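What the coordinates show
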Amino acid sequence: MKLFIVLWSAILISLNGYAQAKFPTGTESDYAIKNFKFETGDVLPQLNIHYTTLGQPVKDKTGTVINAVLIMHGTTGSGRGFLSDLFAGNLFSPGQLLDVAKYYIILPDAVGHGKSSKPSNGLRMKFPEYTYDDMVAANYRLLTEHLGVNHLRLVLGTSMGAMQAWVWGYTYPDFMDALMPLASLPVEIAGRNRMVRKMAIDLIKMDPEWKQGEYTSQPKVGLTGAISSLIFMTSSPFQMQKGSPTKSKADSSLVMLEQRYFTSLDANDFIYQFDASRDYNPAPNLSKIKAPLFAINSADDQVNPPELQLMEKHIGSVKRGRYILLPISDKTTGHGTHSNPTIWGGYLQELLTLTAKE
């Protein structure tokens, strides 16, 4: 979902005309976890987790890290996708909410994404069928075993990363001061959301050129169908109409979108990425979350439409939970609103203030 957001971010910058501060690009590295056991029981002899860090950790007198911030990306994305003018340019620079002179920012590539271990590295469809729980477990080991982070000031995630934030909240309830999931719901993936995901997977598998994952070139027909699902899920009707008000403009914009996706997506990786949500369902565990949690969605989100009222039904189970629904505006971009801190930054500031320790 990263490329669509990047495209619309560029449009927003030109429309709104706000100046972006320069931000550091961070340091990239890898952590190899030996004999990582997945929820399925499968064991990978070496699971590589790629990550980027910005800033330096700070510890209190007890040795507890007090300034670490974990930020998790969405489906098909990577941690470095946050290093954009729109996101990092409004959060990480001097004087901003997550100024890297003050905070230790950790941007991991989730299992199956970016430069972390994934099917396209060689195992193809023999790669273990990972879940969001596996992603969270791998990141926990990255933090505790490799980076020496024994506590998080904030867990923030967008889309898939937001769903992982819920999992973090009840799996490691004493590990963080605050949680901010952006563009998600704390319920089982069902209804239209599940149908669209399954259609995207099925379209790839139905392409004869997929060859049970043993293709030598990307199965373009199936991947095109899957991309159509992705565009539908992450798009904003309002912004797309404004940006493509004529037939010719709409057609040319679609060609550009498809071409950008084709340059970055792998069919097998895509199948795994979309299927990883199959067992996600925080609802029964929400009462285990201890840290204050601000769940933020936008009213034009096609993935998490507010008319379902699922957040209202479940947020009360989070002892210190709050639901914020952002109204549609000239700045919201549907599901991709999660990557625009100029819209929700005020709520982040409120959450950081609420959870500050003297």
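Residues numbered from 1 in each chain as written. Predicted model: local features only at pLDDT ≥ 70, side-chain atom pairs only at ≥ 80, totals over all residues. Heavy atoms only, no water.

**Digging into the packing of helix α4 (residues 191-206) against helix α8 (residues 267-275)**
Geometrically, a packed helix pair is captured by the angle between its two axes and the distance between the axes. The condition that has to hold: To obtain an axis, a line is fitted to C-alpha atoms, over the contacting stretch when the element is a helix, and the angle between two such axes runs from 0 to 180 degrees between their N-to-C directions. By the criteria applied, helices consist of DSSP H or I runs no shorter than four residues and strands consist of E runs no shorter than two, each listed in order from the N terminus. Roughly parallel means an angle under 35 degrees; roughly antiparallel, over 145; roughly perpendicular, 65 to 115; everything else is oblique. Here a crossing is called left-handed whenever its near helix is offset anticlockwise from the far helix by less than a right angle, and right-handed whenever the offset is clockwise. Residue contacts follow a heavy-atom distance rule, with two residues in contact if any of their heavy atoms lie within 4.5 Å. Charged means Asp, Glu, Lys or Arg here, nonpolar means Ala, Val, Leu, Ile, Met, Phe, Trp, Tyr, Cys or Pro, and polar covers whatever is left, Gly included.
With their axes 10 Å apart at the nearest point, α4 and α8 run at an angle of 155° to one another. On the basis of the axis angle, α4 is roughly antiparallel to α8. Judged by the twist between their axes, the crossing of α4 over α8 is left-handed. Two secondary-structure elements touch here, α4 through Arg 194, Arg 197, Ala 200, Ile 201, Ile 204 and Lys 205 and α8 through Ala 267, Phe 270, Ile 271, Phe 274 and Asp 275. Split by residue class, the contact of α4 with α8 holds seven nonpolar, no polar and four charged.

**Looking at the environment of Ser 184**
Condition: Counted as a polar contact is a pair of N or O atoms within 3.5 Å, where, for protein atoms, one must be capable of donating a hydrogen and the other of accepting one, and residues adjacent in sequence contribute only when both atoms are in side chains.
Relative to the helices and strands, Ser 184 is located in the loop between β6 (179-182) and α4. Between the C-alpha atom of Ser 184 and that of Ser 120, which follows or precedes it by 64 residues, the distance is 27 Å. Within the structure, Ser 184 has its side chain in polar contact with the side chain of Trp 166 (distance 2.9 Å).

**Examining the UniProt feature "domain: AB hydrolase-1" (unreviewed entry) in the protein chain**
Rules: UniProt positions are given in the numbering used here, feature names are shortened, and annotations may be inferred rather than shown by experiment.
As recorded in UniProt, the feature "domain: AB hydrolase-1" (unreviewed entry) lies at residues 67-307. Secondary structure within residues 67-307 divides into 38% helix and 10% strand; the distance between the first and last C-alpha atoms comes to 37 Å.

**Description of the layout of surface pockets**
Where empty space is left can be seen by rolling a probe of water-molecule size over the atoms. Filter applied, for reference: Within this scheme a cavity is a closed region of a 1 Å grid, computed over the protein atoms alone, that accommodates a 1.4 Å probe without allowing it to escape, whereas a pocket is open but has protein on both sides within 12 Å along at least five of seven lines; lining residues each have an atom within 4 Å of a point. Grid points are joined across faces, edges and corners, and a volume is the space filled by probe spheres set on the points.
There is about 380 Å³ of room inside the largest pocket. Every residue lining the largest pocket is counted, 18 residues in all, and those nearest its centre are Ile 66, Tyr 103, Arg 153, Ala 356 and Lys 357.

**Points about the sheet that holds strand β7 (residues 293-298)**
Under the convention used in this document: Following DSSP output, two strands are said to pair if at least two bridges run between them.
With mixed pairing, eight strands are arranged side by side in an open sheet as β1-β2-β4-β3-β5-β6-β7-β8. Among the strands making up the open sheet, the edge pair consists of β1 (27-37) and β8 (321-326). Taking the axes of each pair of neighbouring strands and ignoring which way they run, one obtains an average angle of 20° across the sheet. Pairing of strand β2 (residues 43-54) with strand β4 (residues 104-108), which is carried by four bridges, proceeds in the antiparallel orientation. Residue pairing across strands places Thr 52 opposite Leu 107, the latter belonging to β4. Contacts from helix α2 (residues 132-147) reach β1, β2, β3 (68-72) and β4 within the one sheet, and its direction differs from that of β1 by about 115°.

**Some details on the nonpolar core**
One recurring pattern in soluble globular proteins: nonpolar side chains tend to sit buried together. Going by this rule: By nonpolar core is meant a set of buried Ala, Val, Leu, Ile, Met, Phe, Trp, Tyr and Cys residues that side-chain atoms within 4.5 Å join together. Only protein chains enter the accessibility calculation, which uses a 1.4 Å probe. A residue is then buried if its area is under 20% of the maximum for its type, exposed if over 50%, and partly exposed in between.
Core analysis: the largest hydrophobic core is formed by 53 residues, its most contacted members being Leu 47, Val 111, Leu 143, Leu 152, Trp 166 and Trp 168. With residues up to four places along the chain from it excluded, the contact list for Val 111 reads Phe 38, Leu 47, Ile 49, Ser 117, Phe 127, Tyr 130, Asp 134, Met 135 and Ala 138. Core analysis: the second largest hydrophobic core is formed by 29 residues, Leu 54, Tyr 103, Leu 156 and Leu 352 among them.

**Structural notes on the packing of aromatic side chains**
Here is the rule we go by: By convention, a stacked pair of Phe, Tyr or Trp rings (six-membered ring in the case of Trp) has centres within 6.5 Å and planes under 30 degrees apart, an edge-to-face pair has planes over 60 apart, and any other such pair is tilted. Only lysine NZ and arginine CZ atoms are considered, and such an atom sits over a ring when it is within 6 Å of the ring centre and within 35 degrees of the ring normal.
The full count for this structure, using the stated rule, is 16 aromatic pairs. The interplanar angle of 55° and the centroid separation of 6.1 Å between the aromatic rings of Tyr 140 and Trp 168 together place this pair among those described as tilted. Of this pair, Tyr 140 sits in helix α2 while Trp 168 sits in helix α3 (residues 160-171), and the two are 28 residues apart along the sequence. Overall, the relative accessible area of 0% leaves Trp 168 in the buried class. An aromatic cluster is defined as three or more aromatic residues linked by ring pairs; in this entry it consists of Phe 36, Phe 38, Phe 127, Tyr 130 and Tyr 272. When the ring centre of Phe 274 is taken as reference, the NZ or CZ atom of Arg 197 above it lies at 5.7 Å. Directly above the aromatic system of Phe 262 lies the positively charged group of Lys 220, at a separation of 5.3 Å from the ring centroid.

**Some points on the domain arrangement of the protein chain**
Condition: Domain start and stop points were drawn from an automatic or database domain assignment. Buried area: the sum, over both parts, of the accessible surface (1.4 Å probe) that disappears when the two are put together. Salt bridge, as used here: a side-chain nitrogen of Lys or Arg that lies within 4 Å of a carboxyl oxygen of Asp or Glu.
The domain boundaries assigned to the protein chain delineate domain 1 (27-189 + 277-355) and domain 2 (192-275). Listed as interface residues are 31 residues of domain 1 and, on the opposing side, 28 residues of domain 2. In total, domain 1 and domain 2 occlude about 2500 Å² of area from one another, counting both sides; carbon and sulfur atoms represent 52% of this. A per-residue breakdown of the area domain 1 buries against domain 2 is headed by Arg 124, Met 125 and Gln 302, which together make up 28% of the total. For the pair domain 1 and domain 2, the interface holds two salt bridges. Of the charged contacts, one joins Arg 278 and Asp 275 as a salt bridge, the two residues approaching to 3.2 Å between their closest N and O atoms.

**A look at the pairing of β1**
Note: β1 against β2, ten bridges, orientation antiparallel. Paired with Asp 30 across the bridge in β2 is His 50. Joining the antiparallel neighbours β1 and β2 is a turn of five residues, in which Gly 41 adopts a positive phi near 100°.

**Side note on the pattern of salt bridges**
For the structure on display, the rule yields eleven salt bridges. Two residues, Arg 141 and Glu 145, come together in a salt bridge whose shortest N-O distance is 2.9 Å. Of this pair, Arg 141 and Glu 145 both sit in helix α2, four residues apart, which is roughly one turn of that helix. Look at Glu 145 and you get partly exposed, because its relative accessible area is 44%. The structure contains a network of salt bridges with shared partners spanning Glu 28, Arg 80 and Lys 115.

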